[in-house]
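# Commentary on secondary and tertiary structure
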Amino acid sequence: MSDTLLLERNGPVGWLTLNRPDQANAMDAQMMAALPEAWAELDDDPEVRVIVVTGAGRAFQTGLDVIQLSRDPAALREMSHRTKRADLRLTGWHCGVSKPVITAVNGVCAGGGLHFIADSDIVIASAAASFLDPHVSVGQVSAFETIGLARRGSFSAVARMALTGAHERLTAYDALRLGWISQVVAPELLRTTAQGLAEQVAANDANVLTSAKRALWGALEVGLRESRGTRG
């Protein structure tokens, strides 16, 4: 496992920590390559019932490390090909994780970091967290992250964030109001709150949790009528 990720087990809770604090946890080639393996390891561990993802240091996740990738042409080409094919393997949803996933946003979440917000079952945040999408400010189109995020809350707010780029940041309380996250806590309480929430979820039957998660996400993907099995 790459040192860009930290894996821990605390009772029934598996922790996946993005671990490039000096680079605001931006994704380099090593982290991108290690994420599918990390998700699979925790999802396959019978002792882990719920997975929590967070960031080390002051940031949560700030998208691709474009400086590092620019020095590794092969990695940059691979990521570009993945994006064009919509073949991303960054989040639990991308990697087909069956267990409940909680994201604990400890600081700034920008660009590609929004994938983790859009793709998690439950998201909580520190009061110090902030959210922005700088893609258009660097000449890129925001797509998968914001499309996924629009499923969680207000389309208008997502469109504004995508179109203003680096000029605006949303606070944790803005994200709560918009329905992107479900709770804001003091920074020093984030980890204990996430652990406690995960343990509450883990107390339920594992098979039922998997089925409930599948049904909820299925309803988002195919629509209400299809998910209920009704016919018009």
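A brief look at the structure comes next. (Residues numbered from 1 in each chain as written. Predicted model: local features only at pLDDT ≥ 70, side-chain atom pairs only at ≥ 80, totals over all residues. Heavy atoms only, no water.)

This part covers the overall build of the chain. When helices and strands are tallied, the chain shows 10 helices and 10 strands. Computed over its C-alpha atoms, the radius of gyration of the chain comes to 17 Å, within 12% of the 17 Å expected for a compact globule of 232 residues. In the chain, buried positions account for 47% of the 232 residues. Considering only residue pairs separated by 6 or more positions, the chain has 71% of its internal contacts joining residues 24 or more positions apart. For the chain, the exposed surface amounts to about 11,300 Å²; the carbon and sulfur share of it is 54%. Separation between the mean location of the 22 positive side-chain charges and that of the 25 negative ones in the chain comes to 6 Å. (Helix = DSSP H or I, 4+ residues; strand = E, 2+ residues; numbered from the N terminus. Rg over C-alpha atoms; globule rule 2.2 N^0.38 Å. Buried < 20%, exposed > 50% of the residue type's maximum accessible area, 1.4 Å probe, protein only. Contact = heavy atoms within 4.5 Å. Areas by Shrake-Rupley, 256 points an atom, 1.4 Å probe, with all protein chains shown as cover. Lys, Arg positive; Asp, Glu negative; His and termini not counted. Charge placed at Lys NZ, Arg CZ, Asp CG, Glu CD.)

To continue, consider a nonpolar patch on the surface. There is a patch of nonpolar side chains on the surface, built from Leu64, Val66 and Ile67 and spanning about 260 Å² of accessible area. As for its position among the elements, leucine 64 is in the loop between strand 4 (59–61) and helix 2 (66–70). For leucine 64, a relative accessible area of 34% translates into the label partly exposed. (Patch = residues over 30% accessible without salt bridge, like charges linked within 9 Å, V, L, I, M, F, W, Y side chains within 5 Å. Salt bridge = Lys/Arg side-chain N within 4 Å of Asp/Glu carboxyl O.)

Take the pairing of strand 3 (residues 50–55) next. For strand 3, the tally of buried residues reaches six of six residues, placing the bulk of the element in the interior. Of the two faces of strand 3, the one carrying Val50, Val52 and Thr54 and the one carrying Ile51, Val53 and Gly55 are both buried. Both strand 2 (residues 13–18) and strand 3 contribute to a ladder of six bridges, which runs parallel. Of the residues in strand 3, the one forming a bridge with tryptophan 15 is valine 52. On the question of chirality, the crossover connecting strand 2 to the parallel strand 3 by way of helix 1 (residues 29–44) is right-handed. Bridge analysis of strand 3 against strand 5 (residues 101–105) gives three bridges, and the strand direction is parallel. In the sheet register, valine 52 faces strand 5, and the bridge partner there is isoleucine 102. (Pairing = 2+ DSSP bridges. Right-handed = clockwise from strand over helix to strand, strands pointing away.)

Among the secondary structure elements, leucine 18 is positioned in strand 2. Expressed as a C-alpha distance, the spacing of leucine 18 and serine 130, which sit 112 residues apart in the sequence, is 17 Å. Discounting chain neighbours no more than four positions away, the residues touching leucine 18 are Thr4, Leu5, Asn25, Met31, Leu35, Val53, Thr54, Gly55, Ala56, Phe60 and Gln61.

Attention now moves to the side chain of asparagine 106. Residue placement: asparagine 106 occurs in the loop between strand 5 and strand 6 (108–110). Relative accessible area serves as the criterion here: at 14%, asparagine 106 is assigned to the buried category. Among the polar contacts made by the side chain of asparagine 106, one reaches the main-chain amide nitrogen of glycine 55 at a distance of 3.1 Å. In this structure the side chain of asparagine 106 is engaged in a polar contact, spanning 2.9 Å, whose partner is the backbone oxygen of alanine 59. Leave out the neighbours within four places in its chain, and asparagine 106 touches Thr54, Gly55, Ala56, Gly57, Arg58, Ala59, Phe60, Ser126 and Leu190. (Polar contact = N/O pair within 3.5 Å; in protein donor to acceptor, adjacent residues only side chain to side chain.)

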